[in-house]
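Chain and residue survey
Residues per chain are reported as follows:
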Amino acid sequence: MIQYEDLATELLKKATSKGASAGDIVIVEGDSFDVQVRLKSVDKLSNAHEKRLGLRLFSGQRTAVCSTSDFSAESLDRLVEDTCYLARCTAEDPHAGLPDPAPLVSPDLDLYDDSLHEWKMEDKIHMAVQAESAALGYDARITNSEGANLSHAGRRVVYANTHGVIGRYPVGSVSLSVSPIASAGGLMQRDYWYSAKRKVKDLASPDSVGRAAAQRALRRLGGRKISTCEVPVIFDPETAAELIGSISACVSGYAVYKGASFLAGKLGQSVAASSVTVLDHGLIPSALGSRPFDGEGLATRKTTVIAKGILESYLLDTYSARKLGLKSTGNAVRSVGDVPSVSHTNFYLVPGTHSPEEIIRSVKRGLYVTEMIGFGVNHVTGDYSRGAVGLWIENGERTYPVEEVTIAGNLKEILMDIEMIGNDLEFRGTVASPTLKLSRMMVAGN
């Protein structure tokens, strides 16, 4: 990638010689692979390589972004010319511009797996087949499958700007998932399970993924409807992560400065139960949301978003920080052909001290949620309404499956009603949470 660093420096010099006052470049080159098998046959197979370059230039406080996948000298000269011209044509924005100059810190976070280059295609296909076979062979009631999927991607990222900042890092990921179908009494249920990691060696075994998927499908058989009630609700780690992910969207600097978040103007105020601490930590080695620096070349960091119920920080890039009179938190992300925006890194609820079993035993009558359906979250008002699937709890035990219900509330109350937090935090994606219990929530059924 040394040649790409030289290329970025050369193009930025060319842009400033043509009148650009500042600018930056992102170059991404990578490979991706995806195979889907169903009933031991390959349904879909893709293997791709791509490289792209995005150029953002400023003419004073006017901005333009252009991108290309053609790295020929003629194409790149035209890219510089076009971007310079467009920057002069756009409207001025007093908040536009690069971040203030700062040294680029680029720690090695162990985000890339070199063994991907040596992984044979037949071995990848076999892994997907093995995972699906483990699900199909787990129980006679597993009668069909929507397939198993194995995919991986690897990218090398170069960033440079006219402040002299330049850096690079490799990043990759691999995932395996299975979606079996269970049948009983003429009825069918589908569920899934997956594993996603940075390194192949850290991926869960195909057998364990297949078995877990089968178990999840089987426990949904015989699902019942329930009457509408207000009861304690427990979210398993997967659905709890979805709930916490809604908070990530509400602390985005763009939502905040536009007034499109119920958390706008709430810094320093109590917004959750005192047991709730939420972090955004982009420096966890090998985690799926980690990166050494953000889309503007600023160091990634650990940000405390909520501390013991108090809202302490939003997630910000340079632009949203300037709009709010704050400082960037290093949360800029940038697709190659667009301006930066804000996203979390590893966003999670800090675990508590309760085991999942202890949390379930604490509920006399309530719902244990294992899947949420649809998107019914209003970030402006906090109104929250999702279809749900789960298990009914009676006297501290999960009893029978529940389906066709809706859980509803408002994030303002939901965060305050968090009563117990589990000790079972596991990073399975970029948003994570342990099991959590709400003291009450409306469950709409019959």
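The next thing to look at is helix α3 (residues 121–136). If you check α3, its first and last C-alpha atoms are 23 Å apart, about what 16 residues at 1.5 Å a residue would give, namely 22 Å. Among the residues of α3, those classed as buried are Lys 124, Met 127, Ala 128, Val 129, Ala 131, Glu 132, Ala 134 and Ala 135. For α3, the secondary structure elements touched by its buried residues are β1 (22–38), β4 (142–161), β5 (166–184) and α4 (206–218).

This paragraph deals with unusual backbone geometry. Within the chain, Leu 39 stands out as a residue other than glycine whose phi angle is a positive 55°. Structurally, the position occupied by Leu 39 is in the loop between β1 and β2 (41–59). A positive phi is found at Lys 308, a non-glycine position, where the angle reads about 50°. Considering the arrangement of structural elements, one finds Lys 308 in the loop between β10 (302–307) and β11 (310–311).

With that settled, consider the nonpolar core. Of all hydrophobic cores here, the largest spans 52 residues; its most connected members are Phe 235, Val 251, Val 276, Phe 347, Leu 367, Leu 411 and Val 443. Per-element accounting of this core gives the leading share, 6 residues, to helix α5 (residues 237–250). If near-sequence neighbours (up to four positions away) are discounted, Leu 411 is found in contact with Leu 243, Ser 246, Ile 247, Cys 250, Phe 262, Val 377, Gly 382 and Tyr 384. Core analysis: the next-biggest nonpolar cluster, separate from the first, contains 27 residues, Phe 33, Ile 142, Leu 150 and Leu 218 among them.

Further remarks concern the layout of surface pockets. There is about 520 Å³ of room inside the largest pocket. When we break the lining of the largest pocket down by domain, the ones giving at least three residues each are domain 1 (2–218) and domain 2 (223–446). Lining the second largest pocket are 13 residues; nearest its centre among them are Trp 193, Arg 216, Asp 236, Pro 237 and Glu 238. Elements with a contribution of two residues or more to the lining of the second largest pocket: α4 and α5. Looking at the lining of the second largest pocket, the element that brings in the most residues is α4, giving 3 residues. Taken together, the residues of the lining of the second largest pocket sort by class into 4 nonpolar, 2 polar and 7 charged.

The element strand β7 (residues 193–197) is extensively covered by neighbouring structure, given that 4 of its 5 residues are classed as buried. For β5 and β7, the ladder comprises 5 bridges, and the chain directions are antiparallel. Counterpart to Val 174 in the pairing with β7 is Lys 197.

Another point: the packing of aromatic side chains. A complete count under the given rule lists 8 aromatic pairs for this structure. Between the aromatic rings of Tyr 254 and Tyr 319, the centroid separation amounts to 6.2 Å while the plane-to-plane angle is 15°, which identifies the pairing as stacked. Here Tyr 319 lies in helix α7 (residues 318–324) and Tyr 254 lies in helix α6 (residues 253–257), a separation of 65 residues in the sequence. Their ring planes at 65° and their centres at 6.2 Å tell us that Tyr 257 and Tyr 319 sit as a pair that is edge-to-face. Note that Tyr 257 is positioned in helix α6 and Tyr 319 in helix α7, a separation of 62 residues in sequence. The exposure class assigned to Tyr 257 is partly exposed, which follows from its relative accessible area of 24%. One aromatic cluster in this structure is built from Tyr 192, Trp 193 and Tyr 194. We note Lys 51 situated over the ring of Phe 71; from NZ or CZ to the ring centre the distance is 4.7 Å.

So, on to the pattern of salt bridges. Scanning the entire structure with this criterion turns up 22 salt bridges. With its nearest N and O atoms 3.6 Å apart, the salt bridge here joins Asp 34 to Lys 44. Note that Asp 34 is positioned in strand β1 and Lys 44 in strand β2, a separation of 10 residues in sequence. A salt bridge links Glu 92 to Arg 62; its shortest N-O distance comes to 3.6 Å. Highlighted residues: Glu 92 in the loop between α2 (73–89) and α3 and Arg 62 in strand β3 (residues 62–68), separated in sequence by 30 residues. For Glu 92, a relative accessible area of 53% translates into the label exposed. Take Arg 62: its relative accessible area is 26%, and that puts it in the partly exposed class. It is possible to trace a salt-bridge network through shared partners that takes in Asp 24, Arg 56, Glu 296 and Arg 334.

Rules used throughout
- Residues numbered from 1 in each chain as written.
- Predicted model: local features only at pLDDT ≥ 70, side-chain atom pairs only at ≥ 80, totals over all residues.
- Heavy atoms only, no water.
- Helix = DSSP H or I, 4+ residues; strand = E, 2+ residues; numbered from the N terminus.
- Expected span 1.5 Å × (residues − 1).
- Buried < 20%, exposed > 50% of the residue type's maximum accessible area, 1.4 Å probe, protein only.
- Contact = heavy atoms within 4.5 Å.
- Core = buried A, V, L, I, M, F, W, Y, C linked by side-chain atoms within 4.5 Å.
- 1 Å grid on protein atoms, 1.4 Å probe; cavity = no way out; pocket = protein on both sides within 12 Å on 5 of 7 lines; lining within 4 Å.
- Points joined across faces, edges and corners; volume = space filled by probe spheres on them.
- Domains from an automatic or database assignment.
- Nonpolar A, V, L, I, M, F, W, Y, C, P; charged D, E, K, R; others polar.
- Pairing = 2+ DSSP bridges.
- Phe/Tyr/Trp six-rings, centres within 6.5 Å; stacked < 30°, edge-to-face > 60°.
- Lys NZ or Arg CZ within 6 Å of the ring centre and 35° of its normal.
- Salt bridge = Lys/Arg side-chain N within 4 Å of Asp/Glu carboxyl O.

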